[in-house]
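# A structural walkthrough
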Amino acid sequence: MNLTQWRPVWMQCQREFWESRGTFLRTPLWVAAVIAALMVMGMITGNIELNAALNELRGAPENLQKFEDGADLVGALMSGDLFSTHPQVLRAALAAIAIPFILTLLLVSQVYLLGSLYSDRRDKSILFWKSLPVSETRVVLTKLAFGALVGPGIFIGASLLVGLLHLLMLLGYISWQLGVDLPDMGSLIGTFLGHSLALVSGWLQFSLWFLPLWAWLMLASAYAKKSPFLVAFGVPAVAMVLELWILRSVELWQAVWVPTHRSFEGLVRAQAQPEAWLSQWGETLSEPAFWAGLVVAAVFTVGAIWLRNYRYEL
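Figured I'd write up the structure that's included with this text. (Residues numbered from 1 in each chain as written. Predicted model: local features only at pLDDT ≥ 70, side-chain atom pairs only at ≥ 80, totals over all residues. Heavy atoms only, no water.)

## Digging into the overall build of the protein chain
When helices and strands are counted, the protein chain shows 13 helices and zero strands. Listing the helices and strands of the protein chain from first to last along the sequence gives α-α-α-α-α-α-α-α-α-α-α-α-α. The 314 residues of the protein chain split such that 41% are buried. Intrachain contacts of the protein chain at a sequence separation of at least 6 include 79% that bridge at least 24 residues. Just so you have it, the protein chain exposes about 17300 Å², and 70% of that area is on carbon and sulfur atoms. (Helix = DSSP H or I, 4+ residues; strand = E, 2+ residues; numbered from the N terminus. Buried < 20%, exposed > 50% of the residue type's maximum accessible area, 1.4 Å probe, protein only. Contact = heavy atoms within 4.5 Å. Areas by Shrake-Rupley, 256 points an atom, 1.4 Å probe, with all protein chains shown as cover.)

In structure tokens:
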């Protein structure tokens, strides 16, 4: 395919970025700044207490028993061979940084998709965009891809960068202050690359499982006259209550719960078991509920495209 055919898509992604740069650029920078400040504060305030606690344990090793499952970890920290006996500490340090980014990203993506087709209808700028030679199908699909994949890529990149800086700060701190031997460069690079691959893979699986909900948010954004939030969350809530009341069933709740649960489960497993990302894809692709969700997402997306074509004045 000629690359010039992708130029309009690239330009539209640029438009989405510039219109949402406060959401997808400044927000991860603020999250990174807060995490960095907390790390520095933790190192400063925890230095005295940690050294005092370790010195006390070195003088009375029998007190290690009170840590139960964490006794081996504390013992390795005291002996200086933490990373050689507990390599999972490196993964845990990187995962701890990824969690606040992912939680923020979930909120940001929903806010973006809820306003993606509503905001330009609200301020009438849709009349200008409709004058351009761009199909509404491309507009909707580009916004969906940007909210589910392209924009989150910025968050994931920021998460990986901050995670690497956090890991280097952690290694420098415990080596300098606690005398722990540093891991070899191969282990450090391998852990970071494995974490990066697992994080990207986990978000891709999450987005695909979550695709029906992403598409529903866009459908609500295309339909709502005043508040897309009320349409997106109020309509399903009322429908669930009516189903429970009249039919005494929870099928609609199950239809929402299954992809939501599986998407979060895959994201958590990707952080806990980064080496198993390939087998997780096999499990995902073998799930009938996964493919049913993609069909539902396609229906919602078609509905959003139809509304975008025929409903643009509030």
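## Let's talk about the packing of helix 9 (residues 185-223) against helix 11 (residues 251-272)
Working note: a packed helix pair is described by the angle between its axes plus the distance between those axes. At a minimum axis distance of 8 Å, the contact between helix 9 and helix 11 shows a crossing angle of 175°. The angle between the axes of helix 9 and helix 11 places the two elements in the roughly antiparallel class. Taking contact as the criterion, the partners of His195, Ala198, Leu199, Gly202, Trp203, Phe206, Trp209, Phe210 and Leu213 in helix 9 are, on helix 11, Val256, Pro259, Thr260, Arg262, Ser263, Phe264, Leu267, Ala270 and Gln271. Classifying every residue of the contact of helix 9 with helix 11 gives twelve nonpolar, five polar and one charged. (Axes fitted to C-alpha atoms, helices over the stretch in contact; angles between N-to-C directions. Parallel < 35°, antiparallel > 145°, perpendicular 65-115°, else oblique. Nonpolar A, V, L, I, M, F, W, Y, C, P; charged D, E, K, R; others polar.)

## Remarks on the pattern of salt bridges
A full pass over the atoms with the stated rule returns two salt bridges. In this structure, the salt-bridge partner of glutamate 136 is arginine 308, at a minimum N-O distance of 2.8 Å. Remark: arginine 308 occurs in helix 13 (residues 288-310) and glutamate 136 occurs in helix 8 (residues 136-178); sequence separation between them is 172 residues. By the burial criterion, glutamate 136 is buried, and arginine 308 matches it. Among the charged side chains, a network of salt bridges with common partners joins Asp120, Glu136 and Arg308. (Salt bridge = Lys/Arg side-chain N within 4 Å of Asp/Glu carboxyl O.)

## Remarks on the side chain of glutamate 136
The class for glutamate 136 is buried, based on a relative accessible area of 8%. Residue contacts for glutamate 136: discarding those within four places in its chain leaves Lys130, Arg308 and Asn309.

## Some remarks on the packing of helix 9 against helix 12 (residues 277-285)
Where helix 9 contacts helix 12, the axes come no closer than 10 Å and their chain directions differ by 10°. It follows that helix 9 is roughly parallel to helix 12 by the angle criterion. Counting all contacts with helix 9, which are made through Leu197, Ser201, Leu204, Gln205, Leu208 and Trp209, the residues of helix 12 involved are Trp277, Gln280, Trp281 and Thr284. For the contact of helix 9 with helix 12, a count of residues per class yields six nonpolar, four polar and no charged.

## Overview of the packing of aromatic side chains
Evaluated as defined, the whole model comprises 14 aromatic pairs. Pairing tryptophan 306 with tyrosine 310 gives two aromatic rings, centres 5.2 Å apart and planes at 45°, and the pair type is tilted. On the criterion of helical spacing, the pair formed by tryptophan 306 and tyrosine 310 is a turn pair, its members being four residues apart in helix 13. Residue class for tryptophan 306 comes out exposed when judged on its relative accessible area of 52%. (Phe/Tyr/Trp six-rings, centres within 6.5 Å; stacked < 30°, edge-to-face > 60°.)

## Digging into unusual backbone geometry
One non-glycine residue, arginine 248, lies in positive phi territory at about 55°. Tracing the chain through its elements places arginine 248 in the loop between helix 10 (228-247) and helix 11. Given the relative accessible area of 62%, arginine 248 is considered exposed.

## Focus: the environment of serine 196
Residue position: serine 196 is located in helix 9. Of the residues examined, serine 196 reaches a relative accessible area of 12% and is grouped as buried. Along the backbone, serine 196 and leucine 160 are 36 residues apart, and their C-alpha atoms lie at a distance of 6.7 Å. Of the polar contacts made by the side chain of serine 196, one reaches the backbone oxygen of phenylalanine 192; its length is 2.8 Å. (Polar contact = N/O pair within 3.5 Å; in protein donor to acceptor, adjacent residues only side chain to side chain.)

## Observations regarding helix 11
Think of an α-helix as turning once every 3.6 residues; residues three or four places apart then point the same way. The end-to-end C-alpha distance of helix 11 is 31 Å, a good match for the 32 Å that 22 residues give at a rise of 1.5 Å each. Taken as a whole, helix 11 has its buried residues at Pro259, Thr260, Arg262, Ser263, Gly266, Leu267, Ala270 and Gln271. (Expected span 1.5 Å × (residues − 1).)

## Looking at the nonpolar core
Counting residues in hydrophobic clusters, the biggest one holds 50 residues, and the most contacted among them are Ile35, Phe101, Leu167, Trp203, Phe206 and Trp214. When residues of this core are traced back to their parent elements, those giving at least two are helix 2 (21-59), helix 5 (88-116), helix 8, helix 9, helix 10 and helix 13. Setting aside its immediate chain neighbours within four residues, tryptophan 214 contacts Ser109, Gln110, Leu113, Leu144, Ala148, Trp203, Phe206 and Ser207. (Core = buried A, V, L, I, M, F, W, Y, C linked by side-chain atoms within 4.5 Å.)

## Some details on helix 12
Buried within helix 12 we find Gln280, Trp281 and Thr284. Considered in projection along helix 12, the buried side chains sweep an arc of 105° and stay on one side of the axis. Taken together, the buried residues of helix 12 touch helix 9, helix 11 and helix 13. (Arc of directions from axis to C-beta.)

## Comments concerning a nonpolar patch on the surface
Together, Val238, Leu242, Trp245, Ile246 and Leu247 make up an exposed nonpolar region whose accessible area comes to about 570 Å². Positionally, valine 238 belongs in helix 10. (Patch = residues over 30% accessible without salt bridge, like charges linked within 9 Å, V, L, I, M, F, W, Y side chains within 5 Å.)

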